[in-house]
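Residues per chain are reported as follows:
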Amino acid sequence: MPSTSALEFLALDRPILPAVVAAFGADRTLRRWSIAHRPTDEDVTELDGESLTWRDVRDELQSNSLFTIDETRCVIVRTADALIKSDRAAVEDYVAQASPCTRLVLDLDQLPSNTRLYKAIEKEHLLISCAVPTAGKGRFAKPDSRTLGQFLSRYVAPRHQTRLSAGAAETLLEFIGTDVGMLDSAIAKLAVHLPPDATITETLVREVVSGWIGKSIWEINDAVASGNASEALRHLDKLISGGQRPIALFPQMAWSLRQLAMATAVVDQLESLGKRPTPRDGLTSIGLKGGPSNLQKSEAQMKQLGRVRARKLHSWLLKTDLRLKGSHSSDGPDRRALEELVCKLARQSTG
């Protein structure tokens, strides 16, 4: 049977499954949901594809529990890419003559359509494509926001006993991106603000989700300026995975770093006049806003950064800006440009 999308498969009330099912694609949440969308009368065993051989899988398929004789034997192989790589021929042989009395479910990151295994499963069994739907072809392809928004309203929102307006779904996709797991988590958080079966509106999404994004940006700025690279990269990954573009995040990151660079320039100028300024003198001279705690935090960040790196901040920020608008403007390189800046500002060893 032809490949079906996870969105179409999950819409089925009681899917009839063949002897072999392969769920593949980049979205792990869609893969997890698709694999769980099975009949309840099964004797299920889950295996880790990275730590077994085909012989282990075959033994499980041929073994029935004494207490579940009437149930279909189902073996789920998680992260099965490693198994396919090491025992591809054996898996292909099994697919060609799979027993209808058992069910093999393969969880795969990818399954190219030009492979023998893909074609064999497509011919007799079931392929579930767990990728975000797209509209257009080739370099003109882009996420199909309309289809994904309908899926959020019809399938994801009811999972949390809530409803989702079309405007709210569109705004969620705008703020968070197309990662289904992130969208599911956001809808779960929004549902807490409402009674059961109430409708999530666009206004609620903007109030709650935009506030979360702003908080994450603030945490990134603090971590970067304090030299905590691991924490900064973790928050950065969270926002980029949620659909935020690096070129949109950079101005907000650069704002706080420019303050440290300007304060350092003021300290250098005062020293050239024969004075002995402190980092606090530089910060107060540029009109840093906030209470004493904010001034103390910024002073500690200047000391952590050090005079040599602080003097380079303006040129580093300019270089990153030009890269994001030029050589690193595409997906992947743009993220790397931000990560390189974060690592340049990482806390240095005292050894």
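Engineer: Where do I start with the overall build of the chain in this structure?
Structural biologist: Per the secondary structure count, the chain includes 15 helices and ten strands. In terms of overall dimensions, the chain has C-alpha extents of about 90 × 50 × 45 Å along its principal axes. Going through the 351 residues of the chain one by one, you find that 44% of them count as buried. For the chain, contacts bridging at least 24 residues in sequence account for 72% of all contacts bridging at least 6. Accessible area of the chain: about 19000 Å², with a carbon and sulfur share of 51%. Taken as two groups, the 46 positive and 43 negative side-chain charges of the chain have centres that lie 10 Å from each other.

Engineer: I would appreciate a short explanation of the packing of aromatic side chains in the present structure.
Structural biologist: Aromatic ring pairs are reported here in terms of the distance separating the ring centres and the angle at which the planes meet. Counted according to the given criterion, the structure contains five aromatic pairs. For the pair phenylalanine 24 and tyrosine 118, a centre-to-centre distance of 6.0 Å together with 75° between the ring planes defines the contact as edge-to-face. Linking phenylalanine 24 in strand β2 (residues 20–24) with tyrosine 118 in helix α5 (residues 116–124), this pair joins segments that are 94 residues apart in sequence. For phenylalanine 24, a relative accessible area of 10% translates into the label buried. Its relative accessible area of 10% is what places tyrosine 118 among the buried residues. Between phenylalanine 151 and tyrosine 155 the ring centres are 5.2 Å apart and the planes differ by 15°, which places this aromatic pair in the stacked class. Note that phenylalanine 151 and tyrosine 155 are positioned in helix α6 (residues 145–159) at a spacing of four residues, about one turn of the helix. Among the aromatic residues, those joined into a cluster by ring pairs are Trp33, Phe151 and Tyr155.

Engineer: It is not clear to me how the nonpolar core should be interpreted in this structure. Could you clarify?
Structural biologist: Soluble globular proteins tend to pack their nonpolar side chains together in the buried interior. Residues Leu30, Ile128, Phe151, Leu164, Leu172, Ile200 and Val205 are the most contacted members of the largest nonpolar core, which totals 37 residues. Considering every element that reaches this core, the biggest residue donor is helix α7 (residues 166–176), with six residues. Within the second largest apolar cluster, 31 residues are counted, among which are Leu257, Ala263, Met302 and Trp316.

Engineer: I would appreciate a short explanation of the sheet that holds β2 in the present structure.
Structural biologist: Strand order in the open sheet formed by six strands is β1-β6-β2-β5-β4-β3, with parallel pairing between adjacent strands. The open sheet has two edge strands with one neighbour each: β1 (4–5) and β3 (42–48). Of the pairings in the sheet, the one linking β3 to strand β4 (residues 72–78) comprises seven bridges and is parallel in character. Following the sheet pairing, glutamate 46 is matched in β4 by isoleucine 76. Running at roughly 175° to strand β5 (residues 102–108), helix α2 (residues 28–36) makes contact with β2, β4, β5 and β6 (126–129) of the sheet. Packed onto the sheet, helix α4 (residues 81–96) meets β2, β4 and β5 and runs at close to 150° relative to β5.

Engineer: Please clarify how α7 should be interpreted in this entry.
Structural biologist: Think of an α-helix as 3.6 residues a turn; residues three or four steps apart then line up on the same face. Of the positions making up α7, those classed as buried are Ala168, Ala169, Thr171, Leu172, Leu173, Phe175 and Ile176. Two residues or fewer after α7 comes glycine 177, characterised by a positive phi angle close to 100°.

Engineer: Is there a simple way to think about α4 in this case?
Structural biologist: If you check α4, its first and last C-alpha atoms are just 19 Å apart, much less than what 16 residues at 1.5 Å a residue would give, namely 22 Å. Along α4, the sharpest kink reaches roughly 100°, centred on aspartate 87. Of the positions making up α4, those classed as buried are Leu83, Ile84, Val91, Glu92, Tyr94 and Val95. Buried-residue contacts for α4 involve β2, α3 (54–61), β4, β5 and α5.

Engineer: How should I be thinking about the environment of proline 251 in this particular structure?
Structural biologist: Summarising the element assignment, proline 251 is placed in helix α11 (residues 246–272). Residue classification places proline 251 among the partly exposed positions, given a relative accessible area of 43%.

Engineer: Sorry if this is basic, but what is going on with the pattern of salt bridges here?
Structural biologist: Any two side chains of opposite charge can pair if their charged atoms end up close together. What the rule picks out here adds up to 15 salt bridges. Arginine 58 is paired through a salt bridge with aspartate 59; the nearest N and O atoms lie 3.9 Å apart. For arginine 58, a relative accessible area of 36% translates into the label partly exposed. Aspartate 59 gets classed as partly exposed once you look at its relative accessible area, which sits at 37%. Members of the salt-bridge network, linked through shared partners, are Arg31, Asp107 and Asp109.

Engineer: For this particular structure, what's the right way to read the state of the cysteines?
Structural biologist: Note on terminology: a disulfide is the covalent bond linking the sulfur atoms of two cysteines. Under the criterion given, the structure shown has zero disulfides. Note on cysteine 130: no disulfide assigned, nearest cysteine sulfur contributed by cysteine 74 at a separation of 15 Å.

Definitions and cut-offs
Residues numbered from 1 in each chain as written. Predicted model: local features only at pLDDT ≥ 70, side-chain atom pairs only at ≥ 80, totals over all residues. Heavy atoms only, no water. Helix = DSSP H or I, 4+ residues; strand = E, 2+ residues; numbered from the N terminus. Buried < 20%, exposed > 50% of the residue type's maximum accessible area, 1.4 Å probe, protein only. Contact = heavy atoms within 4.5 Å. Areas by Shrake-Rupley, 256 points an atom, 1.4 Å probe, with all protein chains shown as cover. Lys, Arg positive; Asp, Glu negative; His and termini not counted. Charge placed at Lys NZ, Arg CZ, Asp CG, Glu CD. Phe/Tyr/Trp six-rings, centres within 6.5 Å; stacked < 30°, edge-to-face > 60°. Core = buried A, V, L, I, M, F, W, Y, C linked by side-chain atoms within 4.5 Å. Pairing = 2+ DSSP bridges. Axes fitted to C-alpha atoms, helices over the stretch in contact; angles between N-to-C directions. Expected span 1.5 Å × (residues − 1). Bend = angle between axes of the 7 residues up to and from the residue. Salt bridge = Lys/Arg side-chain N within 4 Å of Asp/Glu carboxyl O. Disulfide = S-S within 2.5 Å.

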